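# Notes for the structure review
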Amino acid sequence: MFQPVAIAPSILSADFMNLGRDIRMIEQAGAGYVHVDVMDGHFVPNLTMGVPVVKQLAKLANIPLDVHLMIDNPLDELPWFLEAGADIACVHAEVLYGDELRLAIDMIHDAGAKAAVALKPHTPPEVLEEVIARLDMVLVMSVEPGFSGQSYIEGSEEKVAAVAEMARAVGNDALLIEVDGGVSEATVERLTAAGADVLVCGSAVFGADDPAAALAAVKEKGDAARVAAIEDAQAEEALAAEEEM
């Protein structure tokens, strides 16, 4: 079944003196989410926004806030961001293990938000085996987290495909797969063909001469590649069924 690709522009690349204007712009252009990069200066070397900014964004936005917590102590800070208005709260698998990760997912769901877990480029999808059935989204990082404007790490689409296969294996057909890092018109087709549902775009949108047109172009290419991949898979299944007859 075809599911349109959603674009989640990263507000970190927006004009912080005109956040209201930029949020209205991406909403009108058809964005599915506002992606909010929270960095603590410890888990990643950069330091960005915190709870007060998320609170203000929640008042401004009419689309869900997708809050990516690149922080060392998510169990301590999750309640603050959930109360501030995060619709999706994403923690990193590299700082939570076993019962801690399960507790974080419970905390997010108990607050009425959607639970996501992010994987750095060198973190294997297998670390999610015990929790993927309970997740609403997996975020595949296709750059090292910490700074915007980095180049796409080649082969990241293979991790997307692996996560999609893991979700199918446990019957979690509703799982969303998000990709963050180097997403542009040049990389979007391979990502959505592999199974990506949500694409984080920072400089590819806000750095464009016409951000709304850039957003629409990425989405159009992503949707077309997804449709083509579904049609190819259906054709292969039909051929296999014929050969079995």
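Structure shown above.
Residues numbered from 1 in each chain as written. Predicted model: local features only at pLDDT ≥ 70, side-chain atom pairs only at ≥ 80, totals over all residues. Heavy atoms only, no water.

All right, on to the pairing of strand β2 (residues 34-39) then. When a strand is regular, its side chains alternate between the sheet's two faces. Of all the six residues making up β2, six are buried; the element is thus mostly covered by neighbouring parts of the structure. Neither face of β2 is exposed, since Val 34, Val 36 and Val 38 on one face and His 35, Asp 37 and Met 39 on the opposite face are all buried. Judged from the six bridges that link them, β2 and strand β3 (residues 65-70) form a sheet pairing that is parallel. Bridge pairing in β3 places Val 38 opposite Leu 69. (Buried < 20%, exposed > 50% of the residue type's maximum accessible area, 1.4 Å probe, protein only. Helix = DSSP H or I, 4+ residues; strand = E, 2+ residues; numbered from the N terminus. Pairing = 2+ DSSP bridges.)

Moving on, we come to the sheet that holds strand β1 (residues 6-9). Across the sheet, which stays open at both edges, the eight strands sit in the order β1-β8-β7-β6-β5-β4-β3-β2 with parallel pairing between neighbours. Edge positions in the sheet fall to β1 and β2, since each of these pairs with one other strand and no more. Here the average twist between neighbouring strands, direction ignored, is 25°. Pairing between β1 and strand β8 (residues 198-201): four bridges, direction parallel. Bridge pairing in β8 places Pro 9 opposite Cys 201. In the packing of helix α2 (residues 51-60) onto the sheet, contacts are made with β2 and β3, and the angle to β3 comes to roughly 165°. (Axes fitted to C-alpha atoms, helices over the stretch in contact; angles between N-to-C directions. Contact = heavy atoms within 4.5 Å.)

A word on the packing of aromatic side chains. Inspection of every chain in the model, using the stated rule, returns zero aromatic pairs. The aromatic ring of Phe 43 is capped on one face by Lys 120, whose charged end is 5.3 Å from the ring centroid. (Phe/Tyr/Trp six-rings, centres within 6.5 Å; stacked < 30°, edge-to-face > 60°. Lys NZ or Arg CZ within 6 Å of the ring centre and 35° of its normal.)

Right, let's talk about the environment of Glu 100 for a bit. Tracing the chain through its elements places Glu 100 in helix α4 (residues 99-110). Excluding residues that lie within four positions of it along the chain, Glu 100 makes contacts with Leu 75 and Val 95.

The next thing to look at is the nonpolar core. Nonpolar side chains tend toward joint burial in soluble globular proteins. Counting residues in hydrophobic clusters, the biggest one holds 70 residues, and the most contacted among them are Ile 11, Val 36, Val 67, Leu 128, Leu 135 and Leu 199. Not counting residues up to four positions away in its chain, the partners in contact with Leu 199 are Val 5, Ala 6, Ile 7, Ala 8, Val 179, Val 183, Val 188, Leu 191, Thr 192 and Val 218. Listed in part, the 14 residues of the second largest apolar core include Cys 90, Ala 116, Met 137 and Val 200. (Core = buried A, V, L, I, M, F, W, Y, C linked by side-chain atoms within 4.5 Å.)

As for its position among the elements, Thr 192 is in helix α6 (residues 188-194). Contact partners of Thr 192, with chain neighbours within four places excluded, come to Val 5, Leu 199, Gly 222, Ala 225 and Arg 226.

Attention now goes to the side chain of Arg 226. Looking at the secondary structure, you find Arg 226 in helix α8 (residues 211-244). Polar side-chain contacts of Arg 226 include one of 3.3 Å to the backbone oxygen of Gly 195. (Polar contact = N/O pair within 3.5 Å; in protein donor to acceptor, adjacent residues only side chain to side chain.)

With that out of the way, let us pick up the layout of surface pockets. There is about 300 Å³ of room inside the second largest pocket. Forming the walls of the second largest pocket are 24 residues, and the residues nearest its centre are Ser 148, Gly 149, Asp 180, Gly 181 and Gly 182. Looking at side-chain class alone, the lining of the second largest pocket contains 11 nonpolar, 11 polar and two charged residues. (1 Å grid on protein atoms, 1.4 Å probe; cavity = no way out; pocket = protein on both sides within 12 Å on 5 of 7 lines; lining within 4 Å. Points joined across faces, edges and corners; volume = space filled by probe spheres on them. Nonpolar A, V, L, I, M, F, W, Y, C, P; charged D, E, K, R; others polar.)

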